[in-house]
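# Descriptive structure summary
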Amino acid sequence: MARNDWINSYLEAILDVGTSNKKRFESNSKIVQKLGDMNRKDHQDKVFGDMNTKDHQEKVFSPIKYFVEEVVNSFDESDLYKTWIKVIATRNTRERSNRLENICWRIWHLARKKKQIVWDDGIRLSKRRIEREQGRNDAEEDLLSELSEGEKEKNDGEKEKNEVVTTLEPPRDHMPRIRSEMQIWSEDDKSSRNLYIVLISMHGLVRGENMELGRDSDTGGQVKYVVELARALANTEGVHRVDLLTRQISSPEVDYSYGEPVEMLSCPPEGSDSCGSYIIRIPCGSRDKYIAKESLWPHIPEFVDGALNHIVSIARSLGEQVNEGKPIWPYVIHGHYADAGAVAAHLAGALNVPMVLTGHSLGRNKFEQLLQQGRLTREDIDRTYKIMRRIEAEEQSLDAAEMVVTSTRQEIDAQWGLYDGFDIKLERKLRVRRRRGVSCLGRYMPRMVVIPPGMDFSYVLTQDSQEPDGDLKSLIGPDRNQIKKPVPPIWSEIMRFFSNPHKPTILALSRPDHKKNVTTLVKAFGECQPLRELANLVLILGNRDDIEEMPDSSSVVLMNVLKLIDQYDLYGQVAYPKHHKQSEVPDIYRLAAKTKGVFINPALVEPFGLTLIEAAAYGLPIVATRNGGPVDIVKALNNGLLVDPHDQQAISDALLKLVANKHLWAECRKNGLKNIHRFSWPEHCRNYLSHVEHCRNRHPTSSLEIMKVPEELTSDSLRDDDISLRFSTEGDFTLNGELDAGTRQRKLVDAISQMNSMKGRPSVIYSPGRRQMLFVVAVDSYEDNGNIKSNLNDIIKNVMKAADLTSAKGKIGFVLASGSSLQEVVEITQKNLINLEDIDAIVCNSGSEIYYPWRDMMVDADYETHVEYKWPGESIRSMILRLACTETATEDDIAEYASACSTRCYAISVKQGVKTRRVDDLRQRLRMRGLRCNIVYTQAATRLNVIPLCASRIQALRYLSIRWGIDMSKTVFFLGEKGDTDYEDLLGGLHKTIILKGAVGSDSEKLLRSEENFKREDAVPLDNPNISYVKENGGPQDILSTLEAEEIK
């Protein structure tokens, strides 16, 4: 109420003004009295009607009427109602006309402010719509230019034909479906596949039993869905293990079970090779505090590293068990909601496996709704919900996802259609080209598939689907006093409302929310006399003790329902019990089915419609809104009718049709029971795995290999003798997993023999076998003109000297990570006499390439293959030059930098001081054109590197971590206080970060994102305990002291 104190003052002043006019005072008193006794919405109509009549008679302008209307139209009804009640008790009878005038102007200003917010939002949406259309047109022109002459003629002919058809036929709401070549998943031939599936649901309280659904906004239906999905997948033939990753919470605020690292969800069936399903809790963020999802964003990199460690460990273990020692990588990584989608995108990129996304609820849709309400500004919305960070995570998830699972087609059209990364028309064109074997020119759109959530129908008793009236006689039959068969208590609670309980039951079950449109249902029932004579109405609207103590939105709906019952005199025909248990909901469905009733969901918009499926499972025909998910449900079940939720007549006609026509009722019941299996968990898993397998067919998954080497080697001389330290994993292991002494000696001899036979030939793969820790120098040290500063060499020497002073000397590997090209790095290091062979790997061009200096600067060809998927290649060249330019830039200001370009990096030179588009703006424009790339400004913003989506410095280091078997927590990053536009990516995670003060001159971060986008604190934790600092101009001893303080010795 604090935010509406000004309304209190304003309404108080209105009443005060009335004291100078007794007549008006009496009128206002009546208004207040009515507001206390009547429904607020109906009362407002009457008040304004009276005012309009009076104004019409007096022919004068009423400022009171005008500003009251502004208040009512701009602010929540429930708050306004409470304000009126407060005014009754606090009004002052003194005249304050000046105060009234001032407050009226204030209200007018606030109303205009709301209209300005809505206006600005409309302009923003219009501008974005134009940009999206331009992006689609650019993509279509490029695609058309690559067609052969015959295909062009065919395309033009189809276009002309479509134009003619458009003039004769009305446009269709949905495009015809493209038939795919997807094979349905069959359990008969998949039993030996041993699939490992990873699900991620990061936020909320997740556990297998006694789920605390509704405890907070983060612990809802998504938790139940992912737990049941994990169990169902684990019970599917061919699936070996399912892991559900979530956040570990060891807080006294919640139950201790949420702090357990592992929880088994389902045991493998007897005689099965399956491992079952598990909840794996990954620590991230504060260990002793529950963190809401809006505050989890800075901790995502830490979760990614922890999840990566777990997956690599399980892949190794499963490989040793069932795959002859070769790791079994996840078949798919599935992220649920935006935060888990961002995690899944990083993991899928690091492991090169397909990613699937389920949004559950979408940030952009929520953002638009909040803006339309006009109560919060864009800044307020972002501050409260971190909505811009969430939207960007969803866009990144779309970039990486092979497939997006939705519950309904409405979710695809009305929600995902709002995102830059998905255009349904462009996606259709690309899919057609792939089927024809025509190049898509590097453009990509994720596949949207509708797979309704599964349900467990085991609680539906057999007799429920066979005997529609059954034991109902024990409650309402003529001999009910003689029948001793017990009936559910909720039946008696409902039946006590009815004067004739024999009539069919029209059942509505929802929370008391105006979006559920219950009042329209009551009006439709009350105004249709034939329907009232044939049926009773049951309204299950949550639980209540006292309506006045309920939330405002719920109490308003319930008061309206009660008033409508009184208005239409529906006593004895409508039941509205105050309480029911969740366990009694099946009994409520049974009662409606046994009376040969109907279930109705009249919501204004229903995203899915789970209650419709539940009702169908008990044999109830359904009437549902035509807006949203029920369209797909009724189409699949063929057991009911769709209606316009705003049309009372249509609602009453549909209900009357089903209740009065017993043959239609029986047919709908029969169809619902016959088709309900389509919404079962086995059917869901079958469809899910079929779609995943279809997506994997176009995802080039290369097997990522983990180097396994003995922990102990004889001396550094082995490296000087050019020995390959990559040992096979075959051999006898001791109980602790290490090679026994005899096997180790045999491996060493074999390796030396292999070295002698390969003398002079470069090895294909390099693994620093004895390395137990990595020091990564990623200081972006550049002059204003983009040249590498000479102090970079001093930094490298100081880090190496500090490493030599530690007790881990000889066990620390060195990696240099830079946005510059290999040639530039080599030149600057050789000029300052740095021996590059002391460096284990060089990550160049912002993470698009990895080179091994001591192996004659050999490039890691496996990494190039690893990151090439979705890389547009040559198709990006002309597009990025056109998009990077602003209106003030010329062609000479931005040009290709050929000497830094490679097969996985397209480098653009930018003249110093020239204004170019920011990273977020460029990425948005590329997404609209179906191009998925990573954009990095480097060398003090004088160079733009366009690299593959899966390539970055942090992903390259994760790749090395996996290949070399060195945990990210055993890695130390040396950074400056600022850097390239990918600098933020290097700050978060399990690794230690040491920031060298004063090491960086000019940076590129000003081109990262606009001020309207999310802030750094939404991406990087401000209180990261893994970050330490070294004073400016610090030497090896200062670095050593910082390392020792971080317990790195």
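Scoring rules and cut-offs
- Residues numbered from 1 in each chain as written.
- Predicted model: local features only at pLDDT ≥ 70, side-chain atom pairs only at ≥ 80, totals over all residues.
- Heavy atoms only, no water.
- Helix = DSSP H or I, 4+ residues; strand = E, 2+ residues; numbered from the N terminus.
- Buried < 20%, exposed > 50% of the residue type's maximum accessible area, 1.4 Å probe, protein only.
- Contact = heavy atoms within 4.5 Å.
- Areas by Shrake-Rupley, 256 points an atom, 1.4 Å probe, with all protein chains shown as cover.
- Phe/Tyr/Trp six-rings, centres within 6.5 Å; stacked < 30°, edge-to-face > 60°.
- Pairing = 2+ DSSP bridges.
- Axes fitted to C-alpha atoms, helices over the stretch in contact; angles between N-to-C directions.
- Expected span 1.5 Å × (residues − 1).
- Arc of directions from axis to C-beta.
- Polar contact = N/O pair within 3.5 Å; in protein donor to acceptor, adjacent residues only side chain to side chain.
- Parallel < 35°, antiparallel > 145°, perpendicular 65-115°, else oblique.
- Left-handed = near helix turned anticlockwise from the far one by under 90°.
- Nonpolar A, V, L, I, M, F, W, Y, C, P; charged D, E, K, R; others polar.
- Salt bridge = Lys/Arg side-chain N within 4 Å of Asp/Glu carboxyl O.
- pLDDT = per-residue confidence, 0-100.

This part takes up the overall build of the protein chain. Summing up its helical and strand segments, the protein chain has 35 helices and 26 strands in all. Burial status across the protein chain gives 56% buried among its 1049 residues. Here the contacts in the protein chain between residues at least 6 apart in sequence split such that 73% fall between residues at least 24 apart. Total accessible area computed for the protein chain in this model is approximately 47500 Å², and 48% of it derives from carbon and sulfur atoms.

A word on the packing of aromatic side chains. Summed over all chains, the structure comprises 9 aromatic pairs. Both rings, one in Y589 and one in F599, keep their centres 5.9 Å apart while their planes meet at 55°; by these two values the pair is tilted. Remark: F599 occurs in strand 12 (residues 598–601) and Y589 occurs in helix 21 (residues 585–594); sequence separation between them is 10 residues. In this structure, Y589 and F599 share a single accessibility class: buried. With a centroid separation of 5.5 Å and 15° between ring planes, the pair formed by Y589 and Y618 is classed as stacked.

This part takes up the sheet that holds strand 11 (residues 574–575). Ordered by their spatial adjacency, 6 strands build an open sheet running 11-10-9-12-13-14, and the pairing between neighbours is parallel. At either margin of the open sheet sits one strand with a lone partner, and together these are strand 11 and strand 14 (640–643). Pairing geometry for strand 9 (residues 505–509) and strand 12, over 2 bridges, is parallel. Residue pairing across strands places L507 opposite F599, the latter belonging to strand 12. Contacting strand 9, strand 10 (536–540), strand 11 and strand 12, helix 18 (residues 518–526) crosses the sheet at an angle of about 170° to strand 10. In this fold helix 23 (residues 630–637) packs onto strand 13 (622–625) and strand 14, with an angle of close to 155° to the strand it touches most, strand 14.

Let us now look at helix 25 (residues 662–675). For helix 25, which comprises 14 residues, the first-to-last C-alpha distance of 20 Å matches the rise-based estimate of 20 Å (1.5 Å per residue) to within 8%. Within helix 25 the residues assigned to the buried category are W665, C668, R669, N671, G672 and N675. End-on view of helix 25: buried residues confined to an arc of 165°, all on one side of the axis. Residues of helix 25 that are exposed and angled more than 90 degrees away from the buried face: H663, K670 and K674. The inward-facing, buried residues of helix 25 abut helix 21, strand 12, helix 22 (610–617), helix 23, strand 14 and helix 24 (648–660). Here helix 25 starts with a cap whose side-chain oxygen sits 3.2 Å from the backbone nitrogen of H663, and that cap is N661.

A few words on the packing of helix 29 (residues 791–804) against helix 35 (residues 1036–1045). Relative to each other, helix 29 and helix 35 sit at 55°, their axes nearing to 8 Å. In terms of their interaxial angle, helix 29 and helix 35 are classed as oblique. Handedness of the helix 29/helix 35 crossing: right-handed. The segment helix 29 lies against helix 35, with N798, V799, K801 and A802 engaging P1036, I1039, L1040 and L1043. Of the residues contributing to the contact of helix 29 with helix 35, the split by class is 6 nonpolar, 1 polar and 1 charged.

Take the side chain of E984 next. Topologically, E984 is positioned in the loop between strand 24 (971–975) and strand 25 (992–996). With relative accessibility at 11%, the residue E984 sits in the buried group. Engagement of the side chain of E984 in a polar contact is seen with the side chain of R1009, the distance being 2.5 Å.

Mapped onto the secondary structure, V936 falls in strand 22 (residues 933–938). Measuring from C-alpha to C-alpha, the distance between V936 and V946 comes to 6.6 Å, with 10 residues separating the pair along the chain. Discounting residues that sit within four places of it in the chain, V936 has contacts with S846, R943, L944, N945, I947, D980, T981 and D982.

The subject of this paragraph is helix 20 (residues 552–567). Helical geometry note: an α-helix holds 3.6 residues per turn, so side chains three or four residues apart project in the same direction. Taking 1.5 Å per residue, 16 residues should reach 22 Å; helix 20 reaches 22 Å between its end C-alpha atoms and fits that length. Here helix 20 has its buried residues at S554, S555, V556, V557, L558, N560, V561, L564 and I565. Looking one or two residues past helix 20, D569 carries a phi angle of roughly 55°, positive in sign.

One pass over the full model with this rule turns up 47 salt bridges. Residue E1012 pairs with R378 through a salt bridge whose shortest N-O separation is 4.0 Å. Here R378 lies in helix 12 (residues 378–385) and E1012 lies in the loop between strand 25 and strand 26 (1027–1030), a separation of 634 residues in the sequence. Overall, E1012 belongs to the exposed group, its relative accessible area being 53%. One salt bridge connects R1009 with E984, and the closest N-O pair in it is separated by 2.5 Å. Taken together, the residues R1009 in the loop between strand 25 and strand 26 and E984 in the loop between strand 24 and strand 25 connect sequence positions 25 residues apart. On the basis of relative accessibility, which here comes to 15%, the residue R1009 falls in the buried class.

Here the protein chain averages 80 in pLDDT, and 76% of its residues register 70 or above. Note that residues 157–180 has pLDDT below 50 and, in this model, 15 contacts with residues that lie over four places away or in other chains. Scored below 50 in pLDDT, residues 710–766 shows 75 contacts in the model against residues more than four places distant or in partner chains.

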